[in-house]
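One letter stands for each residue in the lines below.
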Amino acid sequence: MKKILIHIYKYGPDNSWYMARRLLGESGYTPKFDEDEIEINCKKLKEMGLLTVYNGSLKRSVTSSVKPWLKVKAKETGAKPKGVYYDLTKKGRKIASQLYKEFRG
């Protein structure tokens, strides 16, 4: 559960499918962690008041001169990808901040 808090603190709102594949900077399509276990832990963290369901916009404005199709794609979708995205509550951010400092140090 600590890794989930640190991940969201460092990378921003995320869902269990993506976290199973890129938790704490891991990469690849094959999950490195069990997606169901991450979802269960996210729900526990939500019950503890450390996570909340994220309802805002996920992407910042796209400004890519190298890949102009990103602007077009961003305009077309206008919505976040499917799945439940989790973000830290105020209490969760405070705890995650401390965990992140310990993780880095």
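Look above for the structure.
Residues numbered from 1 in each chain as written. Predicted model: local features only at pLDDT ≥ 70, side-chain atom pairs only at ≥ 80, totals over all residues. Heavy atoms only, no water.

J.: Would you mind showing me how to read the nonpolar core here?
T.: If you look at the biggest cluster of nonpolar residues, it comprises 17 residues, and the most contacted ones within it are I4, L5, I8, M19, C42 and L51. Of all the secondary structure elements, the ones that give two or more residues to this core are α1 (2-11), α2 (16-22), α3 (35-47), β3 (85-88) and α5 (90-104). At four residues, α1 tops the list of elements feeding residues into this core. With residues near it in sequence (within four places) discarded, I4 still touches M19, L23, I38, N41, C42, L45 and L51. (Core = buried A, V, L, I, M, F, W, Y, C linked by side-chain atoms within 4.5 Å. Buried < 20%, exposed > 50% of the residue type's maximum accessible area, 1.4 Å probe, protein only. Helix = DSSP H or I, 4+ residues; strand = E, 2+ residues; numbered from the N terminus. Contact = heavy atoms within 4.5 Å.)

J.: Honestly, unusual backbone geometry in this entry has me stumped. Any pointers?
T.: Negative phi values dominate among residues other than glycine, just as trans dominates among peptide bonds. You will see that L24, though not glycine, has its phi angle at about 55°, which is positive. Here L24 is to be found in the loop between α2 and α3.

J.: Is there a simple way to explain the side chain of S16 in this structure?
T.: Mapped onto the secondary structure, S16 falls in helix α2. Note on S16: relative accessible area 8%, which makes it buried. Only 2.8 Å separates the side chain of S16 from the side chain of E39, close enough to count as a polar contact. With sequence-adjacent residues up to four places away left out, S16 is seen in contact with E35, I38, E39 and V84. (Polar contact = N/O pair within 3.5 Å; in protein donor to acceptor, adjacent residues only side chain to side chain.)

J.: Got a minute to help me understand the sheet that holds strand β2 (residues 51-53) in this structure?
T.: For sheets, the rule is that strands pair by backbone hydrogen bonds, running either parallel or antiparallel. With antiparallel pairing, three strands are arranged side by side in an open sheet as β1-β3-β2. The open sheet terminates on both sides in strands that have one partner only, identified here as β1 (14-15) and β2. Here three bridges tie β2 to β3, and the two strands are oriented antiparallel to one another. Bridge pairing in β3 places V53 opposite Y86. Contacts between α1 and the sheet are confined to β1, β2 and β3, with β3 contributing the most and set at about 85° to the helix. (Pairing = 2+ DSSP bridges. Axes fitted to C-alpha atoms, helices over the stretch in contact; angles between N-to-C directions.)

J.: Looking at this model, I keep getting lost on the packing of α1 against α5. Mind explaining?
T.: For any two helices packed against each other, one specifies the inter-axial angle together with the distance between the axes. The N-to-C vectors of α1 and α5 enclose an angle of 95°; their axes lie 9 Å apart at closest approach. Of the possible angle classes, the one that applies to α1 and α5 is roughly perpendicular. Contact residues: α1 offers K2, L5, I6, Y9 and K10, while α5 offers R93, I95, A96, S97, L99, Y100 and F103. Here the residues of the contact of α1 with α5 sort into eight nonpolar, one polar and three charged. (Parallel < 35°, antiparallel > 145°, perpendicular 65-115°, else oblique. Nonpolar A, V, L, I, M, F, W, Y, C, P; charged D, E, K, R; others polar.)

J.: Please clarify how the packing of aromatic side chains should be interpreted in this entry.
T.: Ring pairs (aromatic) are described by centroid distance and by the angle formed between their planes. As enumerated under the stated definition, the model contains two aromatic pairs in all. With 5.4 Å between their ring centres and 50° between their planes, Y9 and Y100 make a pair best called tilted. Linking Y9 in helix α1 with Y100 in helix α5, this pair joins segments that are 91 residues apart in sequence. R21 extends its terminal NZ or CZ atom over the ring of W17, reaching a point 3.8 Å from the ring centre. (Phe/Tyr/Trp six-rings, centres within 6.5 Å; stacked < 30°, edge-to-face > 60°. Lys NZ or Arg CZ within 6 Å of the ring centre and 35° of its normal.)

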